[in-house]
Amino acid sequence: MAQQPPSAPASEEQQINIELSEEIAEGEYANLAMIAHSSSEFVIDFIRLMPGLPKAKVKARIVITPEHAKRLLSALSDNIERYERSFGTIKTQDEAPGFPMNFGGTMGEA
């Protein structure tokens, strides 16, 4: 009968090799996120809204489980606390910022 190797202790963390392509590493700018959920998943759309334009474009859609959504919330909260300890309180507005319709130049007419 062959002996099985001892298993790693539960407290020992496994290492994950994460690959990041150059295209993904560049990132994608988004200034709006919309979140929807069902009983089994959360869908987060990251959107780039350009002032003066009637259309916004979804730049990325992430679908995660409710458990992972809660972990993401915890990780974001922790990172915001650490950021504010280093750089000061992040100021927020109670309502979405209003952009003038001609932000960035004059509007064309058709």
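This one's a predicted model, so the numbers in the text were calculated from it and none came from an experiment.

Participant: Would you take a moment to explain the pattern of salt bridges for this structure?
Facilitator: A side chain with one charge can pair with a side chain of the opposite charge if their charged atoms come near. Per the stated rule, a full pass over the model turns up five salt bridges. Note that R71 is salt-bridged to E67, the shortest N-O span being 2.7 Å. Of this pair, R71 and E67 both sit in helix α2 (residues 66–87), four residues apart, which is roughly one turn of that helix. By relative accessible area, which is 48% here, E67 ends up partly exposed. Note that R82 is salt-bridged to D78, the shortest N-O span being 3.1 Å. You can see R82 and its partner D78 sitting in helix α2, four residues apart, about one turn around the helix. By relative accessible area, which is 39% here, R82 ends up partly exposed. The network of salt bridges with common partners includes E28, R48 and K59.

Participant: Would you mind showing me how to read the confidence of the model for the chain here?
Facilitator: If pLDDT is low for a region, its predicted coordinates should not be looked at in detail. Chain-level statistics for the chain give a pLDDT mean of 85 and a share of 75% at 70 or above. Averaged pLDDT values over the elements of the chain bottom out at 94 in helix α1 (residues 22–25) and peak at 98 in α2. Scored below 50 in pLDDT, residues 100–110 makes seven contacts in the model with residues more than four places away or belonging to other chains.

Participant: Any chance you could explain the packing of aromatic side chains here in plain terms?
Facilitator: Geometry of an aromatic ring pair is reported as the spacing of the ring centres plus the angle between the planes. Overall, the coordinates contain one aromatic pair when judged by the stated rule. With centroids separated by 4.8 Å and ring planes inclined at 45°, the aromatic side chains of Y83 and F87 adopt a geometry described as tilted. Of this pair, Y83 and F87 both sit in helix α2, four residues apart, which is roughly one turn of the helix. Judged by relative accessible area, which is 41%, Y83 ranks as partly exposed.

Participant: Sorry if this is basic, but what is going on with the sheet that holds strand β3 (residues 57–64) here?
Facilitator: Each strand in a sheet pairs with another by means of backbone hydrogen bonds, the pair being arranged parallel or else antiparallel. Strand order in this open sheet of three strands is β1-β2-β3, and the pairing throughout is antiparallel. Each having just a single partner strand, β1 (32–37) and β3 make up the two edges of the open sheet. For this sheet, the mean angle separating the axes of adjacent strands, direction not counted, is 20°. Direction of pairing for strand β2 (residues 42–48) relative to β3: antiparallel, over a ladder of seven bridges. Bridge pairing in β3 links I47 to V58. Of the strands in this sheet, β2 and β3 touch α2, which is tilted by about 115° from β3.

Cut-offs applied
- Residues numbered from 1 in each chain as written.
- Predicted model: local features only at pLDDT ≥ 70, side-chain atom pairs only at ≥ 80, totals over all residues.
- Heavy atoms only, no water.
- Salt bridge = Lys/Arg side-chain N within 4 Å of Asp/Glu carboxyl O.
- Helix = DSSP H or I, 4+ residues; strand = E, 2+ residues; numbered from the N terminus.
- Buried < 20%, exposed > 50% of the residue type's maximum accessible area, 1.4 Å probe, protein only.
- pLDDT = per-residue confidence, 0-100.
- Contact = heavy atoms within 4.5 Å.
- Phe/Tyr/Trp six-rings, centres within 6.5 Å; stacked < 30°, edge-to-face > 60°.
- Pairing = 2+ DSSP bridges.
- Axes fitted to C-alpha atoms, helices over the stretch in contact; angles between N-to-C directions.

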